[in-house]
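Commentary on secondary and tertiary structure
What follows is the residue order along each chain.
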Number of protein chains: 4
Amino acid sequence: MPTKRNRILQAAVLRFAEQGFSATGIRDLGSAAGFNSASLYHYAPAGKSEILVMIMTECLEELHKGGRASLQRSADPVEQLRGLVQAHVAITATNPLTASVTDQEVRSIPPGDLDRLMGLRDAYESMFASVLEKGSRVGSFHIRDLTLTRLALLEMCNGVAHWYTPTGRLSIPELEDLFTELAARLVGLEPSGHGPIARYQPTRLATEPDVVLIDT
Amino acid sequence: MPTKRNRILQAAVLRFAEQGFSATGIRDLGSAAGFNSASLYHYAPAGKSEILVMIMTECLEELHKGGRASLQRSADPVEQLRGLVQAHVAITATNPLTASVTDQEVRSIPPGDLDRLMGLRDAYESMFASVLEKGSRVGSFHIRDLTLTRLALLEMCNGVAHWYTPTGRLSIPELEDLFTELAARLVGLEPSGHGPIARYQPTRLATEPDVVLIDT
Amino acid sequence: MPTKRNRILQAAVLRFAEQGFSATGIRDLGSAAGFNSASLYHYAPAGKSEILVMIMTECLEELHKGGRASLQRSADPVEQLRGLVQAHVAITATNPLTASVTDQEVRSIPPGDLDRLMGLRDAYESMFASVLEKGSRVGSFHIRDLTLTRLALLEMCNGVAHWYTPTGRLSIPELEDLFTELAARLVGLEPSGHGPIARYQPTRLATEPDVVLIDT
Amino acid sequence: MPTKRNRILQAAVLRFAEQGFSATGIRDLGSAAGFNSASLYHYAPAGKSEILVMIMTECLEELHKGGRASLQRSADPVEQLRGLVQAHVAITATNPLTASVTDQEVRSIPPGDLDRLMGLRDAYESMFASVLEKGSRVGSFHIRDLTLTRLALLEMCNGVAHWYTPTGRLSIPELEDLFTELAARLVGLEPSGHGPIARYQPTRLATEPDVVLIDT
DNA sequence: GATGAATGAGGATTCATTCAT
DNA sequence: GATGAATGAATCCTCATTCAT
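Below you will find a few notes about this structure. (Residues numbered from 1 in each chain as written. Chains lettered and ligands numbered in written order. Predicted model: local features only at pLDDT ≥ 70, side-chain atom pairs only at ≥ 80, totals over all residues. Heavy atoms only, no water.)

**Description of the overall build of chain A**
Across its full length, chain A holds 10 helices and 0 strands. Ordered by position from the N terminus, the helices and strands of chain A form the series α-α-α-α-α-α-α-α-α-α. Dimensions along the principal axes, computed over C-alpha positions, put chain A at roughly 60 × 40 × 25 Å. Residue burial in chain A is summarised as follows: out of 216 residues, 53% are buried. Sequence-distant contacts, at least 24 apart, represent 76% of the contacts inside chain A between residues at least 6 apart. About 9500 Å² of surface is accessible on chain A, with carbon and sulfur atoms providing 53% of the total. If you average the places of the 21 positive and of the 25 negative side-chain charges in chain A, the two averages end up 3 Å apart. (Helix = DSSP H or I, 4+ residues; strand = E, 2+ residues; numbered from the N terminus. Buried < 20%, exposed > 50% of the residue type's maximum accessible area, 1.4 Å probe, protein only. Contact = heavy atoms within 4.5 Å. Areas by Shrake-Rupley, 256 points an atom, 1.4 Å probe, with all protein chains shown as cover. Lys, Arg positive; Asp, Glu negative; His and termini not counted. Charge placed at Lys NZ, Arg CZ, Asp CG, Glu CD.)

Quick look at the structure:
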């Protein structure tokens, strides 16, 4: 049984993911969370946008945490990249709606929080940049354009949030495995049987709604 | 000098790309196009959503056309894949705002047009699916999971719309070149000096705004 | 038949005078003027407070005009004071509701207009100050405390707006006459048969509602 | 240290005087008094309007008391009028914010209390009326219009609440003195050296906030 | 005594849309 | 073709108030 605050965040993630932030009204949010719309202001005095900020903060911090863990586990850029990708995919697939909202609603961030949140995101993405750079420098990777490859890699990984559903054919570990291989290919790593990586165990975020699945 | 209709579409693309469809009001659209908001109903009787539909239709049809051209140029899945990626990147980079709106505002499509537009998009994406499948079957590609690879590839390519700016470091042909190589890697093609591809020459869509660049 | 704009201003004055600015809703204003509340934004884009500003501007400018006329008519401070009081009373009694709102709702003036409106009011009140000072200096008036007397005089005159009703016992010219005598007493003028003053003919402001009188 | 009840009344007077009754919220009142808004209902079960009623009752009763004292001190209308004005000015200047609220928020009185409070006010004002009438009848005053003079006199005296600040140039006794003279002039009393009046010693009301003075 | 939680009603304002001109 | 005027519905948010704790 989630906190009332979390019930609100989950309801918000669900609605934001389905309809977008702007198209979601607070009455909508309120009733989805089992509240009167006025009650939301008890939990998020600054209103709808504060709810978005809470959601994004939670997600970006988890990504950041996953990234840091991956970097600390090994000094080898090959292992680091695998770690970054595995963690990203794991977190995204564990919290697809939260990740989707975080990725898509950047333009709805209130001005006062923009710097902090963009700072978090940039710090996270720079982990990818530095790993690619180092791996390229030491000859592990063969990359023609560092920036472009990083962008392509990140888009590919973020994409998971767009299409992943927990009822899909593949389990999250399988997904992680396939994506680490795709990432390896992108950076020009010759296929070699790498040992099993130490998986980052993603957190199921409090913001991620428990989707009721209605199969047809 | 663009048609009045096109002036409206361009203004709409700009606003939709910046603020999102829901967050953009018709008054906003009108004044951006140099019109009174009421005048828009002359060009789009069904209102705001009709404008979105026009934009998406234009973009999806251009992608479709680019895809068909690529498939017809050669029967070799290797060449076909290169063609699909080149065309996609070329179209997206030539019309980044239109492509971005088309990609991001799927949830704002009015119900009556959803089937047609989703049909267009699915038809386009199935070109990628069938090329990957054939290339995999004939041994040109080495793909562990066809579906997943297609999704990853498409997200990577769509991503161009998210970060591309015409003032960037790379020219569009360079971008096409780099992306075709990344795509080749994704599908497990060993690097081999392929001859120059027959470039699909993308259309600058009437919906794509002429961004005024303000250098600082 | 008043302009639509004026119909709105009149309705607003009536409501503001009865209930106060803050206690008056915009729906209330709209329906009192025969409009949907949204329509008010066509005439006062900045909302309720813009309506208040229009009202006050009209009233303060009329007072200013009346004051200037009085000062120009004669150089004698005795005549000038009589003129100021006559004009003030005439304007106030001709537009009692407008004057009342102008006097009582100073705290509801939006910050952006505060300086301008307070400037108008101060300029007007300083006419009284300078007349009192000059009359005192040349020995026409016998005033123990200039500032205090000015304040007392102004409050006395402004008070007309608080209790005056057109159905009262006294006509406006009688009122003017009585008040000029009271003012003369306040400033210590010995009663002497002054000739008839040149009356300032007050403007019936467009903001002043045509009160429907229901006698009981 | 004031009672909690009085802390609430003082906070309310301050806010009502600054912003007006309607524009002041209970949350505002609560936090200004150091309480949660819900706590106010412990002291004023009927809500915001009950607080206003408490304030006004306190003020009107003090005025009434001051008036009665003035009437009882002498039978001479000249002395009575001096007493009424002195007491009024003294009470108003001692409690300017309370008096201001009492004067300005008549329209916010809840219907159930309107009769009682208006009765109090009318009873108080009729003291002025009867003194003027008697003094006029016995030939002490020379008044052209009794009603009008009473209204003018009362407005002049009430006005003190509008502009008086304790940091002003004049002390309260000086103010009383100047106003009794102004009143004497209004009613046509020839200036004659009256002996010192027996001052009514005004009560500092529990509702009057201790204004924190910030000199600049 | 005091308050956090909750709410229905209403606050001002903006919305997309229509239509006479 | 184009627009000013008008509106009903919806927007976000704040209101005064209640009540269990």
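**Remarks on the protein's contact with DNA strand E**
Neighbouring DNA strand E are 34 residues, the closest being Lys4, His42 and Tyr43 of chain A together with Lys4 and Tyr43 of chain D. Among atoms of DNA strand E positioned within 4 Å of the protein, sugar and phosphate together represent 65%. In the environment of DNA strand E, a phosphate oxygen lies 3.2 Å from a nitrogen or oxygen atom belonging to the backbone of Thr24 of chain C. Taking Lys48 of chain C, its side chain carries an N or O atom lying 3.3 Å from a phosphate oxygen of DNA strand E. (Near = heavy atom within 4 Å. Polar contact = N/O pair within 3.5 Å; in protein donor to acceptor, adjacent residues only side chain to side chain.)

**What about the environment of Val131 of chain B?**
Residue and element names in this part refer to chain B. Tracing the backbone through its elements, the reader meets Val131 in helix H7 (residues 111–137). Sequence separation between Val131 and Ala93 is 38 residues; the distance between their C-alpha atoms is 23 Å. Dropping the residues within four chain positions of it, Val131 is found in contact with Leu71, Pro77, Gln80, Leu81, Leu84 and Phe141.

**Quick notes on the interface of chain D and chain C**
Across the boundary between the two partners, chain D contributes 35 residues, which contact 35 residues of chain C. Summing both sides of the interface, chain D and chain C together bury roughly 3000 Å²; the carbon and sulfur share of this comes to 54%. Summed over the three residues of chain D that lose the most area to chain C, namely Arg107, Arg144 and Arg185 of chain D, the buried surface amounts to 23% of that side. There are 8 salt bridges connecting chain D and chain C. Inspection of the region where chain D meets chain C yields 18 residue pairs in polar contact (both at pLDDT 80 or more). Going through the elements one at a time, helix H1 (4–19), helix H8 (146–158), helix H9 (160–163) and helix H10 (172–186) of chain D are the ones with two or more residues in the side of chain D that touches chain C. (Buried area = accessible area lost by both parts, 1.4 Å probe. Salt bridge = Lys/Arg side-chain N within 4 Å of Asp/Glu carboxyl O.)

**As for the packing of helix H5 (residues 77–94) of chain D against H8 of chain D**
Residues and elements named next belong to chain D. The interhelical angle for the contact between H5 and H8, taken along N-to-C directions, is 30 degrees, at an axis separation of 10 Å. If you check the angle between H5 and H8, you find them roughly parallel. For the element pair H5 and H8, the recorded crossing hand is right-handed. For the pair H5 and H8, the contacting residues are Leu81, Val85 and His88 in the first and Leu153, Cys157 and Asn158 in the second. Partitioning the contact of H5 with H8 into residue classes produces 4 nonpolar, 2 polar and no charged. (Axes fitted to C-alpha atoms, helices over the stretch in contact; angles between N-to-C directions. Parallel < 35°, antiparallel > 145°, perpendicular 65-115°, else oblique. Left-handed = near helix turned anticlockwise from the far one by under 90°. Nonpolar A, V, L, I, M, F, W, Y, C, P; charged D, E, K, R; others polar.)

**Some details on the interface of chain B and chain A**
Facing the 36 residues of chain B at the interface are 36 residues of chain A. Together, the buried faces of chain B and chain A total about 3000 Å²; carbon and sulfur atoms form 54% of this surface. Of all residues in chain B, the largest losses of buried area upon contact with chain A belong to Arg107, Leu148 and Arg185 of chain B, amounting jointly to 23% of the total for that side. The tally of links from chain B across to chain A stands at 8 salt bridges. In this structure, the salt-bridge partner of Arg144 of chain A is Asp177 of chain B, at a minimum N-O distance of 2.8 Å. Linking chain B to chain A there are 18 residue pairs in polar contact (both at pLDDT 80 or more). Those elements that place two or more of their residues in the side of chain B that touches chain A are helix H1 (4–19), helix H8 (146–158), helix H9 (160–163) and helix H10 (172–186) of chain B. Broken down by element, the residue count for the side of chain B that touches chain A peaks at 8 residues, all from H10 of chain B.

**Considerations on the protein's contact with DNA strand F**
Taken together, 34 residues lie near DNA strand F, and Lys4 and Tyr43 of chain B together with Lys4, His42 and Tyr43 of chain C sit nearest. Counted by atom, the contact set of DNA strand F within 4 Å of the protein is 64% sugar and phosphate. Thr24 of chain D places a polar main-chain atom, nitrogen or oxygen, 3.3 Å from a phosphate oxygen of DNA strand F. With 4 residues, helix H3 (residues 37–43) of chain C is the single largest residue contributor to the surface near DNA strand F. Broken down by class, the residue content of the surface near DNA strand F amounts to 12 nonpolar, 14 polar and 8 charged.

**A look at the relation of the copies chain D and chain C**
Least-squares fitting of chain D to chain C yields an RMSD of 0.1 Å, with the transformation described by 0.0 Å of translation along the axis and a rotation of 180 degrees. Both copies of the chain, as the preceding transformation shows, are related through a two-fold rotation axis. Of every C-alpha in chain D, the one belonging to Met156 of chain D sits nearest the axis of rotation, 2.4 Å from it. When the interface residues of chain D are mapped onto chain C, 100% of them again fall at the interface, so both copies present the same face. (Least-squares fit on C-alpha atoms with pLDDT ≥ 70 in both.)

**Some remarks on the relation of the copies chain B and chain A**
Here two copies of a chain appear, and what relates them is a rotation about an axis with a shift along it. Placing chain B over chain A gives an RMSD of 0.1 Å and needs a rotation angle of 180 degrees, together with 0.0 Å of translation along the axis. Counting the interface residues of chain B, we find that 100% of their copies in chain A are interface residues as well, pointing to one common contact surface.

**Re the environment of Gly34 of chain A**
As for its placement among the helices and strands, Gly34 of chain A is situated in the loop between helix H2 (26–32) and helix H3 (40–43). A sequence separation of 23 residues divides Gly34 of chain A from Ala11 of chain A, and the C-alpha atoms of the two residues are 9.1 Å apart.

**Some details on the pattern of salt bridges**
Counted by the stated rule, this structure contains 55 salt bridges over all chains. Arg121 of chain C is paired through a salt bridge with Asp122 of chain C; the nearest N and O atoms lie 3.9 Å apart. For Asp113 of chain D, the salt bridge is made with Arg116 of chain D, and the minimal N-O distance between the two is 3.5 Å. Here Arg116 of chain D and Asp113 of chain D lie together in helix H7 (residues 111–137), a separation of 3 residues that amounts to about one turn.

**Details of the packing of aromatic side chains**
Residue and element names in this part refer to chain A. Within the structure shown, the criterion is met by 16 aromatic pairs over all chains. Aromatic side chains Phe35 and Tyr43 sit 5.8 Å apart centroid to centroid with 50 degrees between the ring planes, which places their arrangement in the tilted category. Taking the relative accessible area as the measure of exposure, Phe35 reaches 18% and is therefore buried. A cation over a ring is seen here: Lys48 above Phe21, with NZ or CZ 4.4 Å from the ring centre. (Phe/Tyr/Trp six-rings, centres within 6.5 Å; stacked < 30°, edge-to-face > 60°. Lys NZ or Arg CZ within 6 Å of the ring centre and 35° of its normal.)

**Notes on the side chain of Thr92 of chain C**
Along the chain, Thr92 of chain C falls in helix H5 (residues 77–94). Filtering out sequence-adjacent residues up to four positions away, Thr92 of chain C remains in contact with Ala99, Val160 and Ala161 of chain C.

**Describing helix H6 (residues 96–104) of chain A**
Where burial is concerned, most of H6 of chain A is hidden: 7 out of the 9 residues are buried. As for H6 of chain A, its buried residues are in contact with helix H1 (4–19), helix H4 (48–73), helix H5 (77–94) and helix H9 (160–163) of chain A together with helix H6 (96–104) of chain B.

**Topic: the state of the cysteines**
Residue and element names in this part refer to chain C. Summed over all chains, the structure comprises 0 disulfides over all chains. Between Cys59, a cysteine without a disulfide, and Cys157, which holds the nearest cysteine sulfur, the sulfur-to-sulfur distance is 14 Å. With a relative accessible area of 0%, Cys157 lands in the buried category. (Disulfide = S-S within 2.5 Å.)

**Quick word on H5 of chain A**
All names here are of chain A. Taking 1.5 Å per residue as the helical rise, H5 with its 18 residues ought to reach 26 Å, and the 25 Å between its terminal C-alpha atoms agrees with that figure. The buried fraction of H5 is high, at 17 of 18 residues. Of the residues flanking the start of H5, the one acting as N-cap is Asp76, its side-chain oxygen 3.0 Å from the backbone nitrogen of Val78. (Expected span 1.5 Å × (residues − 1).)

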